[in-house]
Structures are given as structure tokens and as C-alpha cells.
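The residues making up each chain are set out below.
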Amino acid sequence: MLTVGQVVDFLESFAPSRLAEDWDNVGLLVGSLERRVRKIMTCLTLTERTAGEAVEREAGLVIAHHPLPFRPQRRWTTDTPAGKVLWDLAATRVCVYSPHTAFDSASRGINQLLAEKIGLQDIRPLVPDAETPELGVGRQGTLPAELSLLECAQLVKNVLGIKYARAAGSPQMPIQRLAVGCGAADDLLDAAAAAGCQAFLVGEARFHTCLDAEFRGIGMLMVGHYASERFAVEHLASVLQEQFPQVEVWPADTEDDPIRWM
């Protein structure tokens, strides 16, 4: 039977932990490498709902993109969301692994997948890795044809299957070179500017980053943290199912975007 350690070994080759940011908490966070598993669930974030699904469907391993715990904790009690989730998972011997920013930056990671999904050409890292320049943080690439920021937003919405996207910049500004950063990647604006990108697609961005982008003449497209990453969690489930056909792998069915337009 498959062990957690075998899955971890594969994930380490698929999204090497050395690619993770220094502040991140990646790897096996809960459980044992020797634990034998018949079922694996992927999700973007461990919540009471997704943890409940893992327990109910008897997953032996959850691969959650966002780490839990993320920061060191002095106590784990059920009167906090993180404490309750981890208590419930540990009680049923469910292991937890997080690839987070290692998966963001991997060769077949979230930013690469997002850039390909949009149809960018000549895709390369926005901030190349020192050891392996073809890997790195974010992505940049060229659209097949010049689009306005408004047309670019419509393309991205269609590709991600969302109804709304936030934007900063003139709707008619011309875009051909685009930077991509999943999640809260607006701290890469300097890199996008240095790469000559006319627009930057992110999950979310701060108000002052949008003002900075406006000053530099760079359009911002913000599709939401969930939309910029959830599709890749579903892709990862498919990759794992192909790699380990002897077990059942699925992306969490109970997960959705906690942010609504009202």
C-alpha cells in the first residue's frame, strides 16, 4: 500500500521545497511518513468544511496548498479555527502536506499553468531562481496579439470561468507583455516593471500597489486569490491520480471562494 513518504518524495520532485520562500512553511506538517494511505484529497485551504470532507471520505493524506499551521503556535485548542481543524484531522490520523510557494514557482507549478492557460508565449520566470534560471517566482510572457486591458480582462475571465475581475489602469491601454503572479503577488510589481510588462495579473493587490502601478503605466488585473490558484489544486489531483493509480485522489468538493460580490 502507498505510504505518505512515497507521495512526499514525488511532491518533492514535482515542486522542490527549495523553491519555497524563506518565510513559508512547506512540507509534511502533520502526520507520519510511514502512514499508509488509500485516499488523497487536495484543497486550496484547510477549513472546518474541507477537513470535515477529508475525515468523512477517509482521506489518509490532505495536500493543502496553504499551510496549516502557517506560523508557529503556542497552543492548539478547539476554540480557534486552526486548532479545531488540526485536532479533528489528528484524531483520525489524517496527514497534511503543503507545497505552497514551492508549487507556485515549480516548472509545472501554478504560475506556469496560469500563464499557459491564458495563452502566453515565450514564458519565463519573473524572478529566476539562482540555481535553476528556468524556474523561479512568477511568470512573464507575450500575448499572441496586442489586446486592450479590457480585452485582456475578458480573456482571463473566460479562461478562469469567473464573472468579475478588478482592474487598475485605462481600459484601452495596450497590452502585449503580461506578468503573472498567483495569490497575493503584488510585491512583484518591481520585477514586472523591470521585465517591461505592460500589465500584471495577480490574485489580489493592495490599494497602494495599484497606485504605484498607475504611476508606472502598468495595468493591474486582480481575479481573486481563489480563482488564481484553485484550478491548479484540481490539476494537482489529476497529476497525483496518474502517478498513483492504486489510490483514489480528488480535489475537495466542499471548497469554494469565501469572498462574494454582493
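See the structure shown above.
One structure accompanies this document, and this report is about it. Sequence order as written defines residue numbering, which begins from 1 separately in each chain. Reporting of local features is limited, given that this is a predicted model, to residues whose pLDDT is at least 70; pairs of side-chain atoms are given and counted only at 80 or more, and all residues count toward the totals for whole chains, interfaces and linings. Derived side-chain values reflect all non-hydrogen atoms in the structure, with water molecules and hydrogen atoms excluded from consideration.

Considering the packing of helix 5 (residues 110-118) against helix 9 (residues 225-243)
Angles here are taken between N-to-C directions and fall from 0 to 180 degrees, while the axes themselves are lines fitted to C-alpha atoms, restricted in helices to the stretch in contact. Put simply, DSSP marks the helices as runs of H or I at least four residues long and the strands as runs of E at least two long, and each gets a number from the N terminus on. The geometry of helix 5 relative to helix 9 is characterised by a closest axis approach of 10 Å and an angle of 105 degrees between their N-to-C directions. With respect to helix 9, the element helix 5 is oriented roughly perpendicular. Here I110, L113, L114 and K117 of helix 5 come into contact with helix 9, specifically with S228, E229, F231, A232 and H235. Put simply, Ala, Val, Leu, Ile, Met, Phe, Trp, Tyr, Cys and Pro go in the nonpolar bin, Asp, Glu, Lys and Arg in the charged bin, and everything else, Gly too, in the polar bin. Here the contact of helix 5 with helix 9 is composed, by residue class, of 5 nonpolar, 2 polar and 2 charged. By the definition adopted for this analysis, an angle is roughly parallel if under 35 degrees, roughly antiparallel if over 145, roughly perpendicular if from 65 to 115, and oblique otherwise. In this analysis, two residues are considered to be in contact whenever any of their non-hydrogen atoms come within 4.5 Å of each other.

What about the sheet that holds strand 7 (residues 166-168)?
Strand pairing within a sheet occurs via backbone hydrogen bonds; the two strands may be parallel or antiparallel. Note: two strands are recorded as paired if DSSP finds a minimum of 2 bridges between them. The strand order across the open sheet built from 6 strands is 5-6-8-9-10-7, with neighbouring strands paired in mixed fashion. Edge positions in the open sheet fall to strand 5 (121-128) and strand 7, since each of these has one partner strand only. Neighbour to neighbour, the strand axes of the sheet diverge by 25 degrees on average, direction disregarded. Helix 5 rests against strand 5, strand 6 (136-148), strand 8 (174-181) and strand 9 (199-202) of the sheet, and its axis sits at about 155 degrees to strand 8.

Description of the pairing of strand 6
Note: strand 5 against strand 6, 5 bridges, orientation antiparallel. Opposite V127, over in strand 6, you have V137 as the bridge partner. In terms of strand pairing, strand 6 meets strand 8 through 6 bridges, oriented antiparallel. Bridged to Q140 within strand 8 is A179.

Focus: the pattern of salt bridges
In what follows, salt bridge is the name for a side-chain nitrogen of Lys or Arg lying within 4 Å of a carboxyl oxygen of Asp or Glu. Considering all chains together, one arrives at 17 salt bridges under this definition. The shortest N-O distance in the salt bridge between D122 and R124 comes to 2.6 Å. For every residue, the accessible area (1.4 Å probe, protein chains only) is compared with the maximum for its type, and the residue is labelled buried under 20%, exposed over 50%, or partly exposed between those bounds. Overall, the relative accessible area of 46% leaves D122 in the partly exposed class. Measuring nitrogen to oxygen at the nearest pair gives 2.9 Å for the salt bridge that ties E234 to R230. Of this pair, E234 and R230 both sit in helix 9, separated by 4 residues, roughly a single helical turn. Taking the relative accessible area as the measure of exposure, E234 reaches 36% and is therefore partly exposed. On the basis of relative accessible area, R230 is assigned to the buried category, the value being 8%. Beyond isolated ion pairs, a larger network of salt bridges with shared partners links E53, R57, E248 and D253.

Describing the sheet that holds strand 2 (residues 39-43)
Across the sheet, which stays open at both edges, the 5 strands sit in the order 1-4-3-2-11 with mixed pairing between neighbours. Each edge of the sheet is formed by a strand with only one pairing partner; in this case those strands are strand 1 (27-30) and strand 11 (248-251). Geometrically, the sheet is characterised by an average inter-axis angle of 25 degrees between neighbouring strands, direction not taken into account. Taken together, the 4 bridges between strand 2 and strand 11 define a ladder with parallel strand orientation. When the bridges of strand 11 are listed, I40 appears paired with V249. Together, strand 2, strand 3 (61-64) and strand 11 form the strand contacts of helix 9, whose direction differs from that of strand 11 by roughly 170 degrees.

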